[in-house]
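Structure assessment
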Amino acid sequence: MDPWLEGACGDNSPGDDTDGGLDDTDGGLLETPRLLGIRRLRELLDGREAGEMIDSEKLLDAPAPLPVPDSFGEAPPTRTDRLELDELMAQLVERAHEVMTTQGRLRSLLRAHRAVAADLSLEVVLRRIAEAACELVDARYGALGVIARDGRMEQFIHVGMDADLVRRIGHLPRGEGVLGLLTADPRPVRLDDIAAHDHAVGFPPGHPPMRTFLGVPIKVRSEVFGNLYLTEKRGGRRFTAQDEELVLALAASAGVAIENARLFGAAQRRQQWLQASADIMRHLLADGAEPLALIVGRAREVADADLACVLLADEVTGELLIEAADGLAADSLVGQVVPTEATLAGRSVADGRPVLVDDATLEPGSSGLGTVGIGPIMVIPLVGTQTRLGAVVLARETGGRPFADTDLDMAATFAGHVQVALGLATSRANRDRLLVLEDRDRIARDLHDHVMQRLYAVALGLQGMAAAEDRAPAAGRLSTYVDDLDATIREIRSTVFELRGRRSSGGAGVRARLVEIVEEIGEALGFSPRLRVDGPLDSVLSGKTVDHLLAVARESLSNVARHARASRAELSVTVGQGWLRAEVTDDGVGLGDTSRRSGLDNLRSRAEELGGTFDIAAGPSGGTRLRWAVPLR
């Protein structure tokens, strides 16, 4: 038998009625390989239409349409059979191409998932989401808009445009028009012509043309985080329903990646806040200088703010004073008074609650930071028994990114640590002040119990020797020594009163302020006037009496510097027998004839206001002597 017939028909030996040949049971011809191939293709295509995926291995297993000789008993294929077979093969190739395209897009979606999840920096993740979405659906431009708490767009990350084009366009979109549809109704939007939509507001000058549009919301834990926008599918094609499904799948994965990036960023910021608090506590425990400068510097750095301030309430007036500032216009802000009324800082301190504002310019109360352009702002009050009332203020420039609720929580924790640090600094200052006062008390006691008694004994001895001395010159010298010792004892007594006076206030006493006035006027005189103080000034004088005394001392010595042309001047202040007396003497040219006596009239009115006296006359040895005395109350 011909080998081809053996391969095609099998063994047709007598008695073998299987595997080829004529089918005696049904009286027809057995199906040839060509007919089997056509039927196999039909089955594959019918299964594909029913939802079955075409398997390439099944295609390879399908029998090829082998030629069958006419002598075999089958008629040659007709033209209709060939056309049917070609049509089936074309459909098969087309559907195989669709399968390969779908598989390719699924692989692109997997690559996009991997790219989005490859980083934990939120800024990087957001940009990668926009880039992956453009690549996935073959879009020319893409953007991701982050929605703020108030519904407006706080961040807009775009891809596909170069920096020069963005600069020519101007400001970024604000979430109006078609872009605002997703914010108002977070459902996918697919448009063939964005300009033809009812909500379209047009493009700014220089903006590239855009027609097709696809937008989907990005949700994080059922909360809309932002929207993903895609425009201009390449080749002038439209976005399809399949594109929408792919971008929705990417948006779901992006929501997980964004949440992970936010949690990671929050953990990093929390660590930075804790580290800043630890640095401040370490600095204070080590008696570091200028702790407030360190506080505002670290707070601004960690919060990524443009300005940080520490406000402390004045102990007397209660007004908030900017004690330290770092960042925007910091030098001009330090020392300014922030009103407690109609300001965000004052409201926060008064209520004892933090204030978080996205734009201070839209609030009824001002920021309290003068002319500095402030947008987002956080005010965290400092309330405690160990520190003065105050607040920590963190702010960004107008148009800056708003602070998040997590930022406020971490800043509030930081402010609590700052409050403890300031309380510790105040306690340490009080302790040091007590140590100084105790040391002063010890010195005063030693001066009183030892030095003054010995000097008094020496003065008594010298006085006795002067009385017994027959020679007048020697007796005169001894009397002079006794007078000098007596003056020294009075000065020591005054020093003792000063050291023991005003323990509670700890501020500069009357004597110290008189010393400052004498040193200040000494620069104008060219020499230092002598200062003599007798009596307990710091423990007896207070209020208006001190203010008038200091004014009299300054005015009197200023007159000497301006008019006397003196080479010697002395200020003597005495407290005793219910009176306060101040006397200024000099060796200058005297009063002279002058018609301007406004300064002297002021001195006289000050004495009369307190029920005292004032007079000015020539000195015993030339010059001028001014006397001012008021009763003690």
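Residues numbered from 1 in each chain as written. Predicted model: local features only at pLDDT ≥ 70, side-chain atom pairs only at ≥ 80, totals over all residues. Heavy atoms only, no water.

A few words now on the sheet that holds strand E3 (residues 189-191). Across a sheet, strands are paired by hydrogen bonds formed along the backbone, either parallel or antiparallel in direction. The 5 strands are arranged E2-E1-E5-E4-E3 in an open sheet whose pairing can be described as antiparallel. A strand with exactly one partner marks an edge of an open sheet, and here the two such strands are strand E2 (153-159) and E3. Averaged over all pairs of adjacent strands, the angle between their axes in this sheet comes to 15°, without regard to strand direction. Here strand E1 (residues 139-147) runs beside strand E5 (residues 223-233); their pairing, made up of 7 bridges, is antiparallel. Bridge pairing links Leu144 to Leu228 in E5. Against the sheet, helix H5 (residues 122-137) touches E1, E2, strand E4 (213-220) and E5, its axis set at about 50° to E2. (Pairing = 2+ DSSP bridges. Helix = DSSP H or I, 4+ residues; strand = E, 2+ residues; numbered from the N terminus. Axes fitted to C-alpha atoms, helices over the stretch in contact; angles between N-to-C directions. Contact = heavy atoms within 4.5 Å.)

Further remarks concern the environment of Arg238. Of note, Arg238 is situated in the loop between E5 and helix H8 (241-285). Linking Arg238 and Arg190, residues 48 residues apart in sequence, is a C-alpha distance of 9.2 Å. With sequence-adjacent residues up to four places away left out, Arg238 is seen in contact with Asp192, Thr212, Lys233 and Asp243.

The next subject is the pattern of salt bridges. Any two side chains of opposite charge can pair, given that their charged atoms come close. On inspection of all chains with the given rule, the structure shows 17 salt bridges. Residue Arg530 pairs with Glu570 through a salt bridge whose shortest N-O separation is 4.0 Å. Of this pair, Arg530 sits in strand E12 (residues 530-534) while Glu570 sits in strand E13 (residues 569-576), and the two are 40 residues apart along the sequence. What makes Glu570 buried here is its relative accessible area of 15%. A salt bridge links Glu583 to Arg627, with the shortest nitrogen-to-oxygen separation between them at 3.7 Å. Of this pair, Glu583 sits in strand E14 (residues 579-586) while Arg627 sits in strand E16 (residues 624-631), and the two are 44 residues apart along the sequence. A single salt-bridge network, built from bridges that share partners, covers Asp279, Arg282, Arg298 and Glu301. (Salt bridge = Lys/Arg side-chain N within 4 Å of Asp/Glu carboxyl O. Buried < 20%, exposed > 50% of the residue type's maximum accessible area, 1.4 Å probe, protein only.)

Here 6 strands make up an open sheet; going across it, the order is E8-E7-E6-E11-E10-E9 and the pairing antiparallel. Each of the sheet's edge strands pairs with one partner strand only, and the pair in question is strand E8 (337-338) and strand E9 (355-357). By the bridge criterion, 3 bridges tie E9 to strand E10 (residues 374-382) in an arrangement that is antiparallel. Counterpart to Val355 in the pairing with E10 is Val379. Packed on one face of the sheet, helix H9 (residues 291-303) meets strand E6 (307-313), strand E7 (320-327) and strand E11 (390-397) and runs near 55° to E7.

The next thing to look at is the side chain of Arg298. As for its placement among the helices and strands, Arg298 is situated in helix H9. Here the side chain of Arg298 touches Asp279 through a polar contact of 2.4 Å, side chain to side chain. In this view, Arg298 contacts Gln272, Gln275, Ala276 and Asp279; residues no more than four positions away in its chain are not counted. (Polar contact = N/O pair within 3.5 Å; in protein donor to acceptor, adjacent residues only side chain to side chain.)

Sheet topology places E13 next to E14; 8 bridges connect them, and they run antiparallel. When the sheet's bridge partners are listed, Glu570 is paired in E14 with Thr585. A loop of 2 residues connects E13 with E14, the two strands running antiparallel in sequence, and Gln577 in this loop sits at a positive phi of about 55°. Where E14 and E16 come together, 8 bridges link them in antiparallel fashion. Each bridged residue has a counterpart across the sheet, and for Thr585 the counterpart in E16 is Arg625.

A few words now on the layout of surface pockets. Here the idea is plain: a probe the size of a water molecule rolls over the atoms and shows the empty space left. Taken as a whole, the largest pocket spans an internal volume of roughly 1,200 Å³. Taken together, 37 residues form the lining of the largest pocket, with Leu122, Arg262, Arg269, Arg401 and Ala404 sitting closest to its centre. Of all the secondary-structure elements, those providing two or more residues to the lining of the largest pocket are H5, E1, E2, E5, H8, H9 and helix H12 (405-468). A per-element tally of the lining of the largest pocket places H8 first, with 10 residues. A breakdown of the residues in the lining of the largest pocket according to their chemical character gives 17 nonpolar, 6 polar and 14 charged. (1 Å grid on protein atoms, 1.4 Å probe; cavity = no way out; pocket = protein on both sides within 12 Å on 5 of 7 lines; lining within 4 Å. Points joined across faces, edges and corners; volume = space filled by probe spheres on them. Nonpolar A, V, L, I, M, F, W, Y, C, P; charged D, E, K, R; others polar.)

Overall, the coordinates contain 2 aromatic pairs when judged by the stated rule. One aromatic cluster is present, built from ring pairs that chain together Phe156, Phe213 and Tyr229. The ring of Phe403 carries Arg396 above its face, with NZ or CZ at 4.0 Å from the centroid. (Phe/Tyr/Trp six-rings, centres within 6.5 Å; stacked < 30°, edge-to-face > 60°. Lys NZ or Arg CZ within 6 Å of the ring centre and 35° of its normal.)

We now examine the side chain of Lys233. As for its position among the elements, Lys233 is in strand E5. One polar contact links Lys233 to Asp243, side chain to side chain, over a distance of 3.1 Å.

For the rest of this paragraph, the subject is the packing of helix H14 (residues 510-525) against helix H16 (residues 543-564). Geometrically, a packed helix pair is captured by the angle between its two axes and the distance between the axes. At a minimum axis separation of 10 Å, H14 and H16 run at an interaxial angle of 15°. On the basis of their axis angle, the class for H14 and H16 is roughly parallel. Crossing hand, H14 versus H16: right-handed. Contact with H14, carried on its side by Val510, Arg513, Leu514, Ile517, Val518, Glu520, Ile521, Ala524 and Leu525, involves Val546, Leu549, Leu550, Ala553, Arg554, Leu557, Ser558, Val560 and Ala561 of H16 and no other residues of that element. (Parallel < 35°, antiparallel > 145°, perpendicular 65-115°, else oblique. Left-handed = near helix turned anticlockwise from the far one by under 90°.)

Let us now look at the packing of H8 against H9. Their axes nearest at 10 Å, the elements H8 and H9 cross at an angle of 170°. Classified by the angle their axes make, H8 and H9 are roughly antiparallel. Taking contact as the criterion, the partners of Arg269, Gln272, Trp273, Gln275, Ala276, Asp279, Ile280, His283 and Leu284 in H8 are, on H9, Pro291, Leu294, Ile295, Arg298, Ala299, Val302 and Ala303. When the residues that make up the contact of H8 with H9 are grouped by side-chain class, the tally is 10 nonpolar, 3 polar and 3 charged.

Read these as spatial facts, not as claims about activity.
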